[in-house]
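Single-letter residue listing:
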Amino acid sequence: MERRSFIKEAGKLGGSGLLVAAFPWLYSCTSEAQKEIATQKARLGVIGTGSRGMYHLNHLLNMPNVEVVALCDNYAPHLAEAAALFPKAKTFADYTELLALPEVDGVIVVTPLSEHAHITIDALKAGKHTFCEKSMALTLDGCLKMYQSYQESGKVLYIGQQRLFDPKYLKAIEMIHSGMIGNITGIRSYWFRNNDWRRPLDNPSLECKINWRLYREYSGGLMTELAAHQLQVGNWALKMIPESVTGFGDIVYWKDSRDVYDSVSLVYRYGNGVNMSYESIISNKFNGLEEQILGHKGTLELEKGIYYFEEAKPAPAILQLINQIEHKIFDNVSFAGPSWVPETASKNKGEYVMDKVSQTDGASSVGFLNDGSIELMDAFCYAVITGKRAENLVEEAYYSSVLALLGLQAMDEQRVVKFPEQYKIPYLNFS
Ligand SMILES: NC(=O)c1ccc[n+]([C@@H]2O[C@H](COP(=O)([O-])OP(=O)(O)OC[C@H]3O[C@@H](n4cnc5c(N)ncnc54)[C@H](O)[C@@H]3O)[C@@H](O)[C@H]2O)c1
């Protein structure tokens, strides 16, 4: 989506000024910001040129304010693929050599999760503005150290939480915060897929290198790969972080060499009594993916970009008439049966939050088009050129990463885990 139509679409309620006031990290998308950098370029180095790295590189190729000057990957076939796209870029197998280049202003870290924290911290220490893919780190300490390095460095840090730049999410959160669905009384998030999450191997010795997502040494599995995107939405809607979490996880179907759960089911509990349920299974895709925010007046499904009111609009007059006639006939006949009406799911089809809503089936491990990822990268490039930080962005990402890890801990230890005080950081949006 063009930047101008993005701001227009996302800002329909209040125009871009109000939108930026509510979501300050969007400033970089405004025409003022783009004028500011019109003649400048962000000189970037990309570390990790696997599938998501190539997704970003293909977009960077078309961004006017970007020059990709260096590439790094410690797996030669992936590095060669990226180098073919940017033949003038310097190439490295060792990321520290890339960080030593004075011509690199910003780096993009797109490695497996276990490599995020130390590369990001080294990059910030080397004076580079840094974008790191979600989630932040494999451990709670890793997340906190990344955050502290960001604070100490004075540099910019972005994390790949693209829902923060996705117009349908922005619009929906704006609606929720305006009170449209009333008080938030529950949150249901889930991601269901049916595939083994494996990538093909040229050689079995590459199993952990290529299929790192399946092993605890490199990945938190469904929690850090999928849930981290969705847990952020609950906090964003409620302007709070949960106080505790509990749940169960297991390997139910894909009983191969993996040691990450293929099925998780958790409850995050907020201080006001609201529960956020989270479920993910990768052996059944019936339910797809969704984040549902439930209010006493209505429901928002953010992934589909649809809202529903509890009381549906009145039916057309002709239907009402038929209904009344049917009632007159049947209300006079006595039926035996239950004296209560069973609760059934709403048949209300809802309304889209905006004209153009881009939807996904949730099956890809690389990412999706039109989901805010390009705008997020665009915003990072603006930040690299100007050195301006985006308020609240790192904090949103930090809390979603920490919640994913706390959920994992709760399932591993089969207990209720309280949010540890030492991992709380200041966040302006929380009430
Ligand atoms: N935001 C999103 O929607 C989204 C989507 C997909 C992936 N991701 C994230 O992107 C990251 C990468 O995922 P992927 O699917 O591209 O993985 P991948 O395995 O396809 O690519 C990772 C690359 O990093 C390289 N690498 C590993 N260690 C390195 C090191 N020390 N130095 C240099 N290169 C190194 C590997 O050789 C590989 O080429 C993960 O954190 C993942 O969660 C985010």
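Cut-offs and rules
Residues numbered from 1 in each chain as written. Predicted model: local features only at pLDDT ≥ 70, side-chain atom pairs only at ≥ 80, totals over all residues. Axes fitted to C-alpha atoms, helices over the stretch in contact; angles between N-to-C directions. Helix = DSSP H or I, 4+ residues; strand = E, 2+ residues; numbered from the N terminus. Parallel < 35°, antiparallel > 145°, perpendicular 65-115°, else oblique. Left-handed = near helix turned anticlockwise from the far one by under 90°. Contact = placed C-beta atoms within 7 Å. Nonpolar A, V, L, I, M, F, W, Y, C, P; charged D, E, K, R; others polar. Buried ≥ 20, exposed ≤ 12 C-beta atoms within 10 Å, placed from the backbone. Pairing = 2+ DSSP bridges. Near = placed C-beta within 6 Å.

Asker: How should I be thinking about the packing of helix H8 (residues 140–153) against helix H14 (residues 393–413) in this particular structure?
Answerer: The relative placement of two packed helices is expressed as an angle between their axes plus a distance between the axes. Where H8 contacts H14, the two axes come as close as 9 Å, and the packing angle between them is 170°. Relative to H14, the element H8 lies roughly antiparallel. Regarding H8 and H14, the two cross each other, and that crossing is left-handed. Contacts between H8 and H14 involve Leu-140, Cys-143, Tyr-147 and Tyr-150 from the former and Val-394, Tyr-398, Ser-401, Val-402 and Leu-405 from the latter. By residue class, the composition of the contact of H8 with H14 is eight nonpolar, one polar and no charged.

Asker: How should I be thinking about unusual backbone geometry in this particular structure?
Answerer: Generally, phi is negative for residues other than glycine and the peptide bonds are trans, each holding for most cases. In this chain, Lys-134 is followed by Ser-135 through a cis amide linkage whose omega measures -15°. By secondary structure assignment, the location of Ser-135 is in the loop between strand E5 (129–132) and H8. If you check the backbone angles, Trp-197 has positive phi at about 70° while not being a glycine. Among the structural elements, Trp-197 can be located in the loop between strand E7 (184–192) and helix H10 (207–210). Trp-197 gets classed as partly exposed once you count the C-beta atoms within 10 Å, which come to 17.

Asker: Can you walk me through the sheet that holds strand E1 (residues 42–47) in this structure?
Answerer: Across the sheet, which stays open at both edges, the six strands sit in the order E3-E2-E1-E4-E5-E6 with parallel pairing between neighbours. Of all strands in the sheet, those with a lone pairing partner are strand E3 (90–92) and strand E6 (157–159), marking the two edges. Strand-to-strand twist in this sheet, taken as the mean axis angle between neighbours without regard to direction, amounts to 20°. Bridge count for E1 against strand E4 (residues 106–109) is four bridges, and the pairing is parallel. Looking at the pairing, Ile-47 lines up with Val-109 of E4.

Asker: Would you take a moment to explain the site of the ligand for this structure?
Answerer: What surrounds the ligand is a group of 27 residues, the closest being Gly-48, Gly-50, Arg-52, Tyr-75 and Glu-133. No other element matches helix H4 (residues 51–60), which puts three residues into the shell around the ligand. Within the shell around the ligand, the residues separate by chemical class into nine nonpolar, twelve polar and six charged.

Asker: Would you mind showing me how to read helix H7 (residues 116–125) here?
Answerer: Of all ten residues in H7, seven are buried, a share of seventy percent or more. Where H7 is concerned, the buried positions are His-116, Ala-117, Ile-119, Thr-120, Ile-121, Ala-123 and Leu-124. Contacts from the buried residues of H7 go to E1, helix H6 (95–99), E4, E5, H8 and E6.

Asker: Please clarify how the sheet that holds strand E15 (residues 417–418) should be interpreted in this entry.
Answerer: Each strand in a sheet pairs with its neighbour through backbone hydrogen bonds, running either in the same direction (parallel) or in the opposite one (antiparallel). Overall, mixed pairing links the nine strands, which are arranged E14-E13-E12-E11-E7-E10-E9-E8-E15 in an open sheet. Edge strands, defined here as strands with exactly one partner in the open sheet, are strand E14 (351–352) and E15. Here seven bridges tie strand E9 (residues 263–269) to strand E10 (residues 275–281), and the two strands are oriented antiparallel to one another. Considered in E10, the bridge of Val-267 is made with Ser-277. On the sheet, helix H11 (residues 222–238) packs against E7, E9, E10 and strand E11 (289–295) and is oriented at approximately 160° with respect to E7. Its contacts with the sheet place H14 against strand E8 (244–250), E9, E10 and E15, and it is angled at close to 60° to E8.

Without other data, these values stay purely geometric and don't point to any function.
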